[in-house]
Amino acid sequence: MVGELRYREFRVPLGPGLHAYPDELIRQRVGHDGHPEYQIRWLILRRGDEGEGGSSQVDCKAEHILLWMSNDEIYANCHKMLGEDGQVIGPSQEITGEAGALDKSVLGEMETDVKSLIQRALRQLEECVGTIPPAPLLHTVHVLSAYASIEPLTGVFKDPRVLDLLMHMLSSPDYQIRWSAGRMIQALASHDAGTRTQILLSLSQQEAIEKHLDFDSRCALLALFAQATLSEHPMSFEGIQLPQVPGRLLFSLVKRYLHVTSLLDQLNDSAAEPGAQNNSGPEELSGERDRLELEFSMAMGTLISELVQAMRWDWALNRQRPLARSSCSIFQPQLAEAGPGLPPTRAQPSIRRSRRFRPRSEFASGNTYALYVRETLQAGMRVRMLDDYEEVSAGDEGEFRQSNNGVPPVQVLWESTGRTYWVHWHMLEILGFEEDIEDVVEANEYQGAVVSGALGVALPSWRWKPMTELYAVPYVLPEDEDAEESEHLTQAEWWELLYFIKKLDGPDHQEVLQILQENLDGEILDDEILAELAVPMELAQDLLLALPQRLDDSALRDLLNCRVYRKYGPEALAGHPAYPTLLEAQAQPQESAGKEPPAQYPDTPLWRLLEDCGPPGRTFLDLERALSSEGPQETEIKPFLLQLQRQPQPFLILMQSLATPAANKPLHLTVLRILMQLVDFPEALLLPWHEAMDACMACLRSPDTDREVLQELIFFLHRLASVSRDYAVVLNQLGARDAISKALEKHLGKLELAQELRDMVFKCEKHAHLYRKLTTNILGGCIQMVLGQIEDHRRTHRPINIPFFDVFLRYLCQGSSVEVKEDKCWEKVEVSSNPHRASKLTDRNPKTYWESSGSAGSHYITLHMHQGILIRQLTLLVAGEDSSYMPARVVVFGGDSTNSLNTELNSVNVMPSASRVILLENLTRFWPIIQIRIKRCQQGGIDTRIRGLEVLGPKPTFWPVFREQLCRHTRLFYMVRAQAWSQDIAEDRRSLLHLSSRLNGALRQEQNFADRFLPDDEAAQALGKTCWEALVSPLVQNITSPDEDGISPLGWLLDQYLECREAAHNPQSRAAAFSSRVRRLTHLLVHVEPCEAPLPTAAAPRTKSRNRSHDWSSLATRGLPSSIVRNLTRCWQAVVEEQVNNFLTSHWRDDDFVPRYCEHFHNLQKSSSELFGPRAAFLLALQNGCAGGLLKLPFLKAAHVSEQFARHIDQRIQGSRIGGARGMEMLAQLQRCLETVLIFSGLEIATTFEHYYQHYMADRLLGVGSSWLEGAVLEQIGPCFPNRLPQQMLQSLSTSEELQRQFHVYQLQRLDQELLKLEDTEKKIQGGHETSDKKHKGEKAEEAEGAAVTNVVVEEEEEEENEDLYYEGAMPEVSVLVLSPRCWPIASICHTLNPRTCLPSYLRGTLNRYSNFYSKSQSYPALERGPKRRLQWTWLGRAELQFGDQTLHVSTVQMWLLLYLNDLQAVSVESLLALSGLSPDMLNQAITPLTSLRGPLDLREEKDVPGGVLKIRDASEEPRPRRGNVWLIPPQVYLKAEDEEGRNLEKRRNLLNCLIVRILKAHGDEGLHIDQLVCRVLDAWQKGPCPPRGLVSSLGRGSACNSTDVLSCILHLLGKGTVRRHDDQPQMLSYAVPMTVMEPHTESLNPGSSGPNPPLTFHTLQIRSRGVPYASCTGTQSFSTFR
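Residues numbered from 1 in each chain as written. Predicted model: local features only at pLDDT ≥ 70, side-chain atom pairs only at ≥ 80, totals over all residues. Heavy atoms only, no water.

Asker: Whenever I open this one, the overall build of the protein confuses me. Can you help?
Answerer: Looking only at helices and strands, the protein features 57 helices and 38 strands. Looking at the protein as a whole, 50% of its 1683 residues qualify as buried. The contacts of the protein with a sequence gap of at least 6 include a subset with a gap of at least 24, amounting to 75%. Taken as a whole, the protein presents about 80,300 Å² of accessible surface, with 50% of it coming from carbon and sulfur. (Helix = DSSP H or I, 4+ residues; strand = E, 2+ residues; numbered from the N terminus. Buried < 20%, exposed > 50% of the residue type's maximum accessible area, 1.4 Å probe, protein only. Contact = heavy atoms within 4.5 Å. Areas by Shrake-Rupley, 256 points an atom, 1.4 Å probe, with all protein chains shown as cover.)

Put into structure tokens, the structure is as follows:
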């Protein structure tokens, strides 16, 4: 059947290629909040299943999910399901053709006929005598079946007499009558599933129906049930080995299942609209609903109990004890090295713990634990301290001595102190006596008690937040427990206990009720009062002591396995294991293992088998004695059988003994004799024969089974299958047909009744298929009901009160323990030759073998594997006795078909002594075909012999199936809810403030559910991950997506947070409450570590109105946690960008712009830390946001900002030289500024910043000298200099210092040479020095430093002046700085110095010697390839002059001026200008400090002398300046970005942009490699023809261009969208085609013009948003390029 997919445009992704579509309304009810809720069926379809080519036809049997939804959720997710009145549209009720063809009169006549036919059939059935039914009865039933097939007459057949008729017919011994009843039921059930379910439920609720139904009648009803549930819960358990459940137990499960579904329907119907079906008052409706809830919980508990037993999950009770899951966040991945909530630590040493006594973490409160310790602790027991208390530390161990009524009451001898010390009860953990203590490496229960106790915190580990990782643990905290409630059982615990009370019958039930009444003041207890009781813990413990003696074996097993018994049971309180074996719980054996058997029991194999079973074992021995007696009476046997029904453990042990080795032949024969006798008793058929049928099959398949034992086994199985055909079905499911065939083949057909048994088993093939289908349907239906209860728990926030709910989930999450072996793994086995002997490979007989026939190396065995089976182990059985037939080399291949066996999986060399050869282990991929090739045999043999083949598959578990269903339901529920919440936020952004509490409630509920019901971390993590991805990821995506105004809800909220941040300092203000909510929300959203995922596309703007057609297809399903962080960082980046942009727009001209910007950036950093914690992703988003704000500035504004930062850094570096508190303050300001400047790295603004920083750094280095701070600053902000010019400047200084040291050595060498030559004329040399000393007049210039700049000049001008000899200390110390104009900003024309005219002779000699030294250093052969460099002296540099008691720190110009005044009393400024050749500005800049109050000169104006006259200030006119250092170096001259130089930089940038675009346009879509583009741009810049020579020359100093400038412009164009990268080759760039618009105005490119340029041709490029994640589509930016 197919149906129409009505709402295909509304889909919710549930996984890769899997989507859910809303289909139709099922029912309606009133929710817990009083608002209507609607149950919607969602179809689950894979990609392609929803129809091809736009088809809307889907299979009506497709998998679906029933989901209760509110009106808002329906509107937000599938609004087309709402009608014009806002109500949900229900399914259309189509009138069938038959109903339209019948009028009321005809229909009434038919109803009368049906009633009369029912009465006649009942009368004829009562009158039926004999085995052959009369013909009239069959005719009447045939007519009734025809009427039943008419749908309008279905209501008449709901008459109770119809059920009586069907019951009589189904219980009739005649087959034809039973067959006619089946036809009538099929006719009634053919109309719809509701009618079918109602009929089945009505029949199943009839008393003692199982006694009246034979095998065929029961199978008919089971087939109807299978047909009814097939489409309801289409769940597959492929690959999972389901147990064999007999029909009797299946029918009981069907009855329980139908009863539970009926109660669930009644519960949903009782919550319908008030007044729709009844007129009862609210109190009556509430009482009725409470009664139904209790009845449903009890019925669901019974169903789970029987299902657990049918699936044999309770067998694991004796094998392993379920461990409690550690309390940790389910929304974070667990670290292998660290406990939950704790930082990673080294491996833990072994911990001593008790085998018997309970730790503190298992108790609900400290008082309960203290009472337990006080009642349990005995003198001499070992104890451990859990908390630090005065002199005793947590973890110390000691021996308990005594206790009294004092405070503290407990005296312990502590090993750590060697003496006794008194502590409190609750501080101790009981280890017990030495035999009770064991060493363990790790224990889950100690993580909450011992570890937290050692830390001094007695809280669950995931409550604790380490200060080093404040946001590394979940922000969700559990609700605090009510102290009063903790002293009573919860409603779920009480209902679980009440379940066992209701299981009691007669006197036992009254006795337990009497215990309740005595403890509850004699109150009369009815069902309504029982359901609402508040039971104290002490009363629960009394009940748990009384219940075990009154329950049967099945109920006792459930009691021992339930949570309330593990928590409050006597074994748990006494410190014994809460999971004893069943027989230990019921019996107390009186004899030890080595004791001789009692006199009444002989020492037989049977007694030895049952000796450890206690009283039940002795009961079975008595039964065996009674069966062995002559003519056993049924009255004697029946009590023993009833006892075995209650305690079947000995019976199961007896049957399982058949699987023991064949050497136990006497035991096997005895067991089979007893079983053969038991089959004849009707009460024995109620024993769990099916649970031990595996042992019978093992005995039947074993090649070592004795023939006599085998014959007796076949007699027994034939008798059992004859008495109850259910067990023939079980044998069919176990593969008995093939086993019997092999046994007949082995014994040549000489086994009596073997063929009859094989035929009987073969005839049950159809029934076996029905049983498997029924088992699947019941299990799937129960899983769906469990998932429905989980959904109700999520929606209503009410606790789940169903008994054994956690037990069912535990088994679903842990799975089955049956391994897939041999024929369960493969479909068929093929061999290369002798296929008739291929069965010997799998007969489990090592004495048989398959022998090949063919040439050497051509032998193979091919396995065709079952779908999805991963081989865990593949083993080849061989024998050394085969000699040359034994394989020597085996190669295993895998492939998808026999024609594609190309992948070699393994190759093995077989040793001659081997017997088992492991070929494959733990494969991680499924291979449909596995082929084993025998390449070589031992001793060069040709043919081979293989003794056997063993294949082990993985352990099939229910967890993958249940995980898929749980995750699907969870994902659909939370995605629907996320869209509804997102709709509320889209309508009103203020509702975003409530999102934190909503999310907290949802996540806390999932956390509590996982802690209460899920058994292990894997299941809990799967639930937490799904919940987080389905709820938080869509919410984050929606609240971070911008609307039509370009603002996202979360962005608006963060903007509000930043605006009210200052006002939030007052904790009483509304701003503080608002900020707290915002922080709680952001903390909650970012506490899960992200995973890697592909980058998403930019979010499209959405409208502000309600989203009436939402499509979830845009939501990525992979890497969702990473998308959460990515969306949040994107939103935070947009907020920061807007904040920075607004600040720059408002304050970029302020004088204190840089300090205010640093403060603003610091506030944003603090806000980021407050909102998102110390996460690198958000810090990077903060930097990117600041960078985005800077990129929005026009070029001149950006240049001004960069100049301000360079100026601020220069001022702070110079200010730090002051020292003291002021200097430290300057350093702090500098550090804050450097953190802000780091954002320039990689931006276009870095080029202009480097330009200004280079100028200021050069003036600073040459004016005041270098310091350690220069290198430290460059090390921190080095990435901000794309050309690395400042770093090259420092490198140039270090190179100059090295040259200075070499010059010093050079002078010493020259001095030594001169001394050798003038050894005979020493007096003459001394006379020459005395003459030179007399030339100094007035103040002496003792030390001077000069600077020189290398200029690449080929011509060389030699100085024709005699050099003075160098004497150490005789001349002023002169240091020459050789600076390269490639990295130093020096204008050589304006700063050229002529030493001959401007410097005194004693300084000129040093410069001449240095010039000669530098010229000779350029004459090395390695340097002759290029042009030689010569020195060009400049006025740059600094000097120190001694003036009286003062040391004057001056520039080189000031030094020359002062030394010039040594010989003159006064000098005019005009003569100085003429002598030096300096510009008036530069000279006035040097004169101003010298003529200040601290300076030594005085400037006087005279009429005839322009500029005035300089002379040394007279000491008599003014007081003598104080001693010490006087800094007279001219102050730093700062540039202005708005001046000519800034405009030249902008023009250069525009011209480079023009060249880049022009070149890329010429290369079209193919583009250019970025390196080629840079080379072409530089070549065009140097050679032309574009840009015009005039424009380049007009740039002046800005005309220089290098690769870094080009790369900066490329980066700018990429950000604007004008240039794009190729997706497959990011290094390839091409031009993004723009739109052409008119440019309204252009800035002047001519530095000399005052207005706009003359009309030129410009090309305006529209900036696209390609590659710009946050570009708004509503606004575009443009820039002009020259054509």
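Read on for the rest.
Asker: Looking at this structure, how should I read the nonpolar core?
Answerer: The nonpolar side chains of a soluble globular protein tend to be buried with one another. Formed by 311 residues in total, the largest nonpolar core has its most connected members in Trp-494, Trp-689, Trp-1132, Phe-1205 and Phe-1249. Counting residues in hydrophobic clusters, the runner-up holds 43 residues, among them Tyr-1306, Val-1376, Leu-1407 and Ile-1487. (Core = buried A, V, L, I, M, F, W, Y, C linked by side-chain atoms within 4.5 Å.)

Asker: I keep staring at the packing of aromatic side chains and nothing clicks. Help me out?
Answerer: When we look at a pair of aromatic rings, we describe it by the centre distance and by the angle of the planes. Counting across every chain of the model gives 32 aromatic pairs. Look at Phe-331 and Trp-1028: their rings are 6.0 Å apart centre to centre, the planes differ by 50°, and that puts the pair in the tilted class. Here Phe-331 is found in the loop between helix H11 (282-310) and strand E7 (351-354), whereas its partner Trp-1028 is found in helix H37 (residues 1017-1039), with 697 residues between them in sequence. The exposure class assigned to Trp-1028 is buried, which follows from its relative accessible area of 3%. Aromatic pair Tyr-499 and Phe-804: ring centres 4.9 Å apart, planes at 90°, arrangement edge-to-face. Of this pair, Tyr-499 sits in helix H15 (residues 491-503) while Phe-804 is found in the loop between helix H33 (765-796) and helix H34 (805-814), placing the two residues 305 residues apart along the sequence. Just as Tyr-499 is buried, Phe-804 falls in that class too. An aromatic cluster of at least three residues, connected via ring pairs, comprises Phe-1143, Phe-1153, Tyr-1157, Phe-1205, Phe-1240, Phe-1249, Tyr-1253 and Phe-1281. If you follow Arg-29 out to its NZ or CZ, it ends over the ring of Trp-68, 3.9 Å from the centre. A cation over a ring is seen here: Arg-933 above Phe-893, with NZ or CZ 4.0 Å from the ring centre. (Phe/Tyr/Trp six-rings, centres within 6.5 Å; stacked < 30°, edge-to-face > 60°. Lys NZ or Arg CZ within 6 Å of the ring centre and 35° of its normal.)

Asker: Is there a simple way to explain the packing of helix H36 (residues 995-1013) against helix H39 (residues 1070-1085) in this structure?
Answerer: The geometry of a pair of packed helices is captured by two quantities: the angle between their axes and the separation between those axes. Where H36 contacts H39, the two axes come as close as 8 Å, and the packing angle between them is 40°. As the angle between them shows, H36 and H39 are arranged oblique. In the packing of H36 onto H39, the handedness of the crossing is left-handed. Only Arg-1077, Arg-1080, Leu-1081, Leu-1084 and Leu-1085 of H39 make contact with H36, whose side of the interface consists of Leu-995, Ser-996, Leu-999, Asn-1000 and Leu-1003. (Axes fitted to C-alpha atoms, helices over the stretch in contact; angles between N-to-C directions. Parallel < 35°, antiparallel > 145°, perpendicular 65-115°, else oblique. Left-handed = near helix turned anticlockwise from the far one by under 90°.)

Asker: How should the pattern of salt bridges be read in this particular structure?
Answerer: Opposite charge on two side chains permits pairing when their charged atoms draw close. Evaluated as defined, the whole model comprises 51 salt bridges. Between Arg-1260 and Glu-1270 there is a salt bridge; the shortest N-O distance is 2.6 Å. Here the residue Arg-1260 occupies a position in helix H45 (residues 1245-1264), and Glu-1270 occupies one in helix H46 (residues 1268-1277), the gap between them amounting to 10 residues. Its relative accessible area of 1% is what places Arg-1260 among the buried residues. Overlapping salt bridges, with partners in common, bring together Arg-382, Arg-384, Glu-397, Glu-415 and Glu-429 in one network. (Salt bridge = Lys/Arg side-chain N within 4 Å of Asp/Glu carboxyl O.)

Asker: Can you help me understand the packing of helix H35 (residues 959-987) against H36 in this one?
Answerer: Here H35 crosses H36 at 170°, and the two axes come no closer than 12 Å. With respect to H36, the axis of H35 lies roughly antiparallel. Residue-level contacts link Tyr-974, Trp-981, Asp-984 and Ile-985 of H35 to Leu-995, Arg-998, Leu-999, Ala-1002 and Glu-1006 of H36. Grouping the constituent residues of the contact of H35 with H36 by class yields six nonpolar, no polar and three charged. (Nonpolar A, V, L, I, M, F, W, Y, C, P; charged D, E, K, R; others polar.)

Asker: Looking at this model, I keep getting lost on the pairing of strand E2 (residues 12-15). Mind explaining?
Answerer: Regular strands place their side chains on alternate faces of the sheet. Looking at chain direction, E2 and strand E3 (residues 18-30) are connected through three bridges and run antiparallel. Bridge assignment links Gly-15 to a residue of E3, and that residue is Leu-18. What sits between the antiparallel neighbours E2 and E3 is a turn of two residues, in which Gly-17 has the positive phi angle 75°. (Pairing = 2+ DSSP bridges.)

Asker: I'm lost on helix H54 (residues 1540-1563) in this one. Help?
Answerer: An α-helical segment advances 3.6 residues per turn. Residues three or four places apart therefore align on the same side. Over its 24 residues, H54 runs 35 Å from end to end, which matches the ideal 34 Å to within 8%, given 1.5 Å per residue. A large share of H54 lies buried, amounting to 18 of its 24 residues. Following H54 by one or two positions, Gly-1564 has its phi on the positive side, about 65°. (Expected span 1.5 Å × (residues − 1).)

Asker: Mind showing me how you'd approach the sheet that holds strand E14 (residues 826-831) here?
Answerer: Backbone hydrogen bonds are what pair the strands of a sheet, in a parallel or an antiparallel way. The antiparallel open sheet is built from five strands, whose spatial order is E14-E16-E21-E18-E19. Every interior strand has two partners, whereas the edge strands, E14 and strand E19 (903-909), have only one. Within this sheet the neighbouring strands show an average axis-to-axis angle of 15°, counted without direction. As paired strands, strand E18 (residues 887-895) and E19 are joined by six bridges and run antiparallel to one another. Bridging from a neighbouring strand, Val-891 pairs with Ser-907 of E19.

Asker: Help me understand unusual backbone geometry in this model?
Answerer: Across residues other than glycine, the phi torsion is negative in most instances, and most of the peptide bonds are trans. The residue Leu-753 is not glycine, and still its phi comes out positive at about 65°. Within the element layout of this structure, Leu-753 appears in the loop between helix H31 (736-746) and helix H32 (754-763). Phi at Gln-939 takes a positive value of approximately 60°, unusual for a residue other than glycine. As for its position among the elements, Gln-939 is in the loop between strand E21 (929-937) and strand E22 (945-946).

Asker: When you look at the sheet that holds strand E20 (residues 916-921) in this model, what are you seeing that I'm missing?
Answerer: Strand order in this open sheet of three strands is E20-E17-E23, and the pairing throughout is antiparallel. Of all strands in the sheet, those with a lone pairing partner are E20 and strand E23 (948-952), marking the two edges. Neighbour-to-neighbour, the strand axes of the sheet open up by a mean angle of 15°, direction not taken into account. Relative to E23, strand E17 (residues 873-877) is paired through five bridges, and the arrangement is antiparallel. Its bridge partner being in E23, Leu-874 is matched across the sheet by Val-951.

Asker: I keep staring at the pairing of strand E12 (residues 428-432) and nothing clicks. Help me out?
Answerer: Of all five residues in E12, five are buried, a share of seventy percent or more. Alternating positions in E12 separate into two faces, Leu-428, Ile-430 and Gly-432 on one and Glu-429 and Leu-431 on the other, with burial throughout.

Asker: I'm lost on the side chain of Ser-1041 in this one. Help?
Answerer: Looking at where Ser-1041 falls in the secondary structure, it is placed in the loop between H37 and helix H38 (1049-1059). Among the residues examined, Ser-1041 registers a relative accessible area of 8% and is labelled buried. In this structure the side chain of Ser-1041 is engaged in a polar contact, spanning 2.5 Å, whose partner is the backbone oxygen of Gln-1037. (Polar contact = N/O pair within 3.5 Å; in protein donor to acceptor, adjacent residues only side chain to side chain.)

Asker: Just checking my understanding: could you explain the environment of Ile-934 for this structure?
Answerer: With respect to the secondary-structure elements, Ile-934 resides in strand E21. Considered as a pair, Ile-934 and Val-890 are 44 residues apart in the sequence and their alpha carbons are 4.7 Å apart. The contact partners of Ile-934, leaving out residues within four places of it in the chain, are Gly-857, Ser-858, His-859, Pro-887, Arg-889 and Thr-944.

Asker: I'm lost on the side chain of Thr-970 in this one. Help?
Answerer: If you trace the backbone, Thr-970 turns up in helix H35. Within the structure, Thr-970 has its side chain in polar contact with the backbone oxygen of Leu-966 (distance 2.7 Å). If we skip the residues at most four places from it in the chain, Thr-970 touches Arg-794, Leu-1023, Thr-1026, Cys-1027 and Ala-1030.

Function-wise, these values are silent; they only describe arrangement.
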